[in-house]
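Per-entry structural report
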Amino acid sequence: MSVPIVLVHGTRFSAGQWSPQLAALREEFPVVAVDLPGHGARRGEPWSLTAACAAVAAGVEELDGGPALVVGHSLGGYVALEFALRSPERLRGLVLAGASADTRGRWAVPYRAVGALVPHVPAERLSRWNDGLLRRLYPPEVVAATIRAGYGFEALPAAWASVLGRFEPGVLRRVEAPVLILNGEKDTAFRSGERAFAAAHPHGRARIELVPRARHLANFDAPEAFTDAVRRFAREL
């Protein structure tokens with residue numbers, strides 16, 4: 001029986017981030033992408049890690065209760081990791097995509113600064129900037145759903161505040177399920193802790209895989225390669 005897959009988006013995005021992966025993975029797996037609080041269809045809802053984990057749990061329930069493979073990108077990767085710690089019985093496997101940086105110490109300083117700045121910039125201006133950036137970098141079929149769903153900038157300060165300072169490689173010692181650390185080859189910042197995270201897994205069942213030439217948004221930069229990595233990991237489960 002195919003393992004169910006729950007996809008969890010990154011900062012400011014929505015379930016629309018996963019449109020390339022949803023179309024491809026549906027051919028073989030039960031799969032759903034969720035909106036985190038304050039994002040997508042849930043904009044306006046207050047952010048908390050508890051509410052974010054509840055959104056992941058709802059996705060698992062939608063796929064007959066799991067246990068499921070949870071795939072999280074960036075902010076969604078840290079949410080997926082928190083879900084793994086809180087609900088291990090509902091987890092079949094974990095993919096941390098662009099989410100293997102230690103969120104403590106000096107690494108977090110620029111992110112705290114951006115989090116403090118965002119509320120002072122009009123959301124319309126941030127949205128226009130994001131729309132333009134995505135349209136310049138990626139074909140419409142990759143980013144149209146993300147642009148259409150809009151951005152959750154209002155949730156960014158609280159979301160980052162809940163993650164920064166909380167996650168370090170050692171937390172992976174508490175995860176029993178197999179883990180794939182899936183990073184863009186050129187995502188230097190979020191690759192910084194990948195080896196330490198992998199080494200911390202208690203059973204040696206965490207491995208690192210790189211998406212060639214991809215940056216932080218690896219599932220946009222190389223949709224087919226990213227999807228193939230998730231597909232192969234799901235088959236192993």
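Check the entry above for the structure.
The structure displayed is predicted, hence computed values, not measured ones. (Residues numbered from 1 in each chain as written. Predicted model: local features only at pLDDT ≥ 70, side-chain atom pairs only at ≥ 80, totals over all residues. Heavy atoms only, no water.)

**Side note on the sheet that holds strand 6 (residues 206-211)**
A sheet is described by the order of its strands in space; here six strands give the open sequence 2-1-3-4-5-6, paired in parallel fashion. The open sheet has two free edges, formed respectively by strand 2 (31-34) and strand 6, since each of these has just one partner strand. With direction set aside, neighbouring strand axes in the sheet form an average angle of 20°. Note that strand 5 (residues 179-184) and strand 6 share six bridges and pair parallel. Among the inter-strand pairings, leucine 180 is bridged to a residue of strand 6, identified as arginine 207. In the packing of helix 3 (residues 75-86) onto the sheet, the strands contacted are strand 1 (5-8), strand 3 (68-73) and strand 4 (91-97), and the crossing angle to strand 3 comes to about 145°. (Pairing = 2+ DSSP bridges. Helix = DSSP H or I, 4+ residues; strand = E, 2+ residues; numbered from the N terminus. Axes fitted to C-alpha atoms, helices over the stretch in contact; angles between N-to-C directions. Contact = heavy atoms within 4.5 Å.)

**Concerning unusual backbone geometry**
Positive phi outside glycine occurs at aspartate 64, with the angle close to 65°. Within the secondary structure, aspartate 64 is located in the loop between helix 2 (49-62) and strand 3. By relative accessible area, aspartate 64 is classed as exposed at 73%. Here the phi dihedral of arginine 213 falls at roughly 65°; this positive angle occurs in a residue that is not glycine. Relative to the helices and strands, arginine 213 resides in the loop between strand 6 and helix 10 (218-221). (Buried < 20%, exposed > 50% of the residue type's maximum accessible area, 1.4 Å probe, protein only.)

**Focus on the environment of alanine 41**
Within the fold, alanine 41 resides in the loop between strand 2 and helix 2. The exposure class assigned to alanine 41 is exposed, which follows from its relative accessible area of 73%. Spatially, the C-alpha atom of alanine 41 lies 8.9 Å from that of alanine 15, the residues being 26 residues apart in sequence.

**Points about the nonpolar core**
Val6, Trp47, Leu81 and Leu172 are the most contacted members of the largest nonpolar core, which totals 44 residues. Of all the elements, helix 3 adds the most residues to this core, at eight residues. Membership of the second largest hydrophobic core comes to 25 residues, among which are Val31, Val95, Phe233 and Ala234. (Core = buried A, V, L, I, M, F, W, Y, C linked by side-chain atoms within 4.5 Å.)

**Description of the pattern of salt bridges**
For the structure shown, the criterion picks out 14 salt bridges. When the shortest N-O distance is used, the salt bridge between glutamate 82 and arginine 86 registers 2.8 Å. Of the two residues, glutamate 82 and arginine 86 both sit in helix 3, four residues apart, roughly one turn of that helix. On the accessibility criterion, arginine 86 (38% relative accessible area) is partly exposed. Taking the shortest distance from any N to any O, the salt bridge between arginine 231 and aspartate 228 comes out at 3.6 Å. Placement of the pair is arginine 231 and aspartate 228 together in helix 11 (residues 223-236), with a separation of three residues, close to one helical turn. (Salt bridge = Lys/Arg side-chain N within 4 Å of Asp/Glu carboxyl O.)

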